[in-house]
Amino acid sequence: MRYLLQRLIRWILAHLFRVELHGWEHYPYDEQKLLIVANHVSYLDGVLLAAFLPDMPIFVINTHVAQRWWVKPLIAITRHISVDPTSPHYLKTLIQHINTGERIAIFPEGRLSTTGALMKIYEGPALAADKADAALLPIYIDGAQYSLLSRLDTIVRRRWFPRIRLTMLPPRRLHAPAASSRVRRHHLGQQLDRLMTELAYAGIKIDQTLFMGLLEARERHGDKSIILEDMQQQRLNFRDLILRSFILADVLESSCADQNNIGVLLPNAAAIAITLFALHIRGQTPVILNFSAGSRDVANSCKTAEVQTICSSRAFIETADLDGHIKALKAHARIVFLEDLKAQVTLPMRARGWLRSLSPARAFRRMAGEVTCHDPAVILFTSGSEQKPKGVVLTHRNLLANIAQTRAVFDITPQDTVLNVLPLFHAFGLTTATLMPLLLGARTVLYPTPLHFRIIPEIAYEHCATILVGTNTFLMGYGRNANPYDFFSVRLVVMGAEALLEETRQLWADKFGIRINEGYGLTEASPVVACNTNRHHLAGTVGKLFPGIETHLEPIEGIPDGGRLSLRGANIMAGYLLAEQPGVLTPPSTDRGLGWHDTGDIVRIDDDGFVTILGRVKRFAKMGGEIVSLAVVEQLATECWPEEQHVALNQPDPVKGEIIVLLTTRHNTERRELIECVQRQGLSERYIPRQIKTVHGIPLLGSGKPDYSRLRQLMQEQTGCNGE
């Protein structure tokens, strides 16, 4: 009877909620002891597992929850045991049931999620599985948080029958070192937490195009809320964004037909998002050009990506004083201005766009052709802080994977407002600060430049921003100029691209009561690789690695506790476009094989998974056979003169091999102060720069990173030598 009831409920749920099952082939029929662990987003979760698992499990339910009258009908059709998590007999009871050979199902969060994302993971299930020598079977439930049986009524658009996706990962066992019970408990808890984070990432759909991801977000969140806003008072919901993208895709036909890569030279405004999706609808790849670079570099980027047409704006060119860029680009490509295209829009074009927006998925497939998740979604160019910029080809799957990784570790909701001041030619500004909130239903406010240190805090205050992204340089500027109440609504600040200085961290903590979450990424990784979060935070590190990323540390002579980092994962780029071979894709590869990317960064990863950046391979000096971190030299200079800017560079030396030259904006510097600082830190004298040179300012790239190419030119001008 129970079997027939299960089949009936399964049939009803499958049709009402259009349930998708993924990974069900991993179910271990022969496993003697099995503990099923799942995330908990609604009161429907237990019914879903009971209906769709091949074997009916016994559910572990909180005693107090089980006594509620409206819960009793939901658990009546399931097998369950009621336990009190605060009781010392809780684990003993759980272990006894596992040892009987029954399938036990439990929610390690211990409560319903109130954010839709993972909450705190309790270690009890990990301890029980270890004691009983049971395998863990992870299952991720996605979509039930939008049902009426979730607790997100003030956060998401709930409805009767949302689409639900159930994802099962292969079973695995936890392993802990033979140590004290406290150490074992800690290790087992950490492993379960990592498993649940990996599960949250694996349960999110990434094998589709960005535009289909946009349509999926619209289905979930609806058209009522504004999801994109800029300083030109453009306020778009999903319907507006999709409609305008179809219209622009149509009007671009006369300018971009039969071309693969289309240049985009636009500021942070709604127009750039519309242009990106319009090009995707046309089956073309946007090449987002770095307008902060020199005109020659931008022109070379177009040659490398074989760009024949560039979409830009007359107003932007005039405001940003980019006439020199346009003049250089006209020699290689056709410039199409959006103002001119707007004048070409006819009534039939508007009508076609409206009709296509009524059935956008079908229209996209017809117009874009055979586009898959593995096709290029965007081409960006590396910052060129150390060498000549290269084109980075990121696929739809790359970008969606990084968005899924971010969603797995952060609780971003449709109630959030993300203020993005980073340009979209910066991967951090594109993926993390624009595409991610769009696809998660949050509101994105675009501001055209990160350099307005007095205005941006006012923008955050006016728009009630809840999430900020930036670099240390930018956050320090905002912190110094903002009123203590400007960031009253901000709950999350994510920082990357450069090291977070202690002065910046302390300023934001003292002035605004906000903890900055430092992260680490690179364009080739779409971009975020690791980040501190509310769940896992350790000052001085860049947090834990995102789920779904494999790592390898190659030993480096002279650095016993770190290594050169290589990465592999779904977020790692398709490959480079090199100036020497325009249009030819060079896939990432290392000695470990195809798909691995050598970051060139030296890192340390501790036992808990926290990553510390020790520096770049090129950001070390080798002096007398010893390795010296230039980043540490810069930190010492900052400690001595916190109000100034400093950059340390290495320079060839016939005696020492290399010496260190410090470029600083401080006048009348004395090496004695640095010597005293080195002595206080207990460091070697090798960290004392041989030469200290004063410069008027530290040149920065558009991403906020130091422009090392220009800095080496300054050093050469002042010393007469060239650094390596």
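Everything numeric here is computed off the predicted structure, so don't read it as measured data.

Colleague: Teacher, can you tell me more about a nonpolar patch on the surface here?
Modeller: A cluster of nonpolar side chains, contributed by Leu5, Leu8, Trp11, Ile12, Leu16, Leu148, Trp160 and Phe161, occupies part of the molecular surface with about 790 Å² of accessible area. Tracing the chain through its elements places tryptophan 11 in helix H1 (residues 2–16).

Colleague: I'm lost on the domain arrangement of the protein chain in this one. Help?
Modeller: A common way to report how large an interface is uses the accessible area buried once the components associate. Examined at the domain level, the protein chain breaks down into domain 1 (1–203), domain 2 (205–447), domain 3 (450–514), domain 4 (524–572 + 582–614) and domain 5 (619–721). Between the C-alpha centres of domain 1 and domain 2 the distance comes to 39 Å. The partner domain 2 presents 18 residues to the 20 residues of domain 1 that form the contact. When domain 1 packs against domain 2, the two sides together hide about 1,500 Å² of surface, and 48% of this comes from carbon and sulfur. Joining domain 1 to domain 2, the criterion identifies four salt bridges. As a salt-bridge pair, aspartate 142 and arginine 220 come within 3.0 Å of each other at their nearest N and O atoms. The interface formed by domain 1 and domain 2 contains seven residue pairs in polar contact (both at pLDDT 80 or more).

Colleague: Looking at this structure, how should I read helix H16 (residues 347–358)?
Modeller: Every α-helix winds through 3.6 residues per turn, so residues three or four apart in the chain are directed the same way. Over its 12 residues, H16 runs 17 Å from end to end, which matches the ideal 16 Å to within 8%, given 1.5 Å per residue. Here H16 has its buried residues at Met349, Gly353, Arg356 and Ser357. Taken down its axis, H16 places every buried residue within 100° of arc, on the same side. Within H16, the exposed residues directed more than 90 degrees away from the buried face are Leu347, Leu355 and Leu358.

Colleague: Just to check I follow, could you spell out the environment of alanine 126 for this structure?
Modeller: Looking at the element boundaries, alanine 126 is found in helix H6 (residues 124–132). When its relative accessible area of 0% is taken as the criterion, alanine 126 is described as buried. With 82 residues separating them in the primary sequence, alanine 126 and leucine 44 have C-alpha atoms 24 Å apart. Sequence-distant contacts of alanine 126, that is, excluding residues within four places in its chain, are made with Leu174, Leu188, Gly189 and Leu192.

Here is what the cut-offs are and how they apply
Residues numbered from 1 in each chain as written. Predicted model: local features only at pLDDT ≥ 70, side-chain atom pairs only at ≥ 80, totals over all residues. Heavy atoms only, no water. Patch = residues over 30% accessible without salt bridge, like charges linked within 9 Å, V, L, I, M, F, W, Y side chains within 5 Å. Areas by Shrake-Rupley, 256 points an atom, 1.4 Å probe, with all protein chains shown as cover. Salt bridge = Lys/Arg side-chain N within 4 Å of Asp/Glu carboxyl O. Helix = DSSP H or I, 4+ residues; strand = E, 2+ residues; numbered from the N terminus. Domains from an automatic or database assignment. Contact = heavy atoms within 4.5 Å. Buried area = accessible area lost by both parts, 1.4 Å probe. Polar contact = N/O pair within 3.5 Å; in protein donor to acceptor, adjacent residues only side chain to side chain. Expected span 1.5 Å × (residues − 1). Buried < 20%, exposed > 50% of the residue type's maximum accessible area, 1.4 Å probe, protein only. Arc of directions from axis to C-beta.

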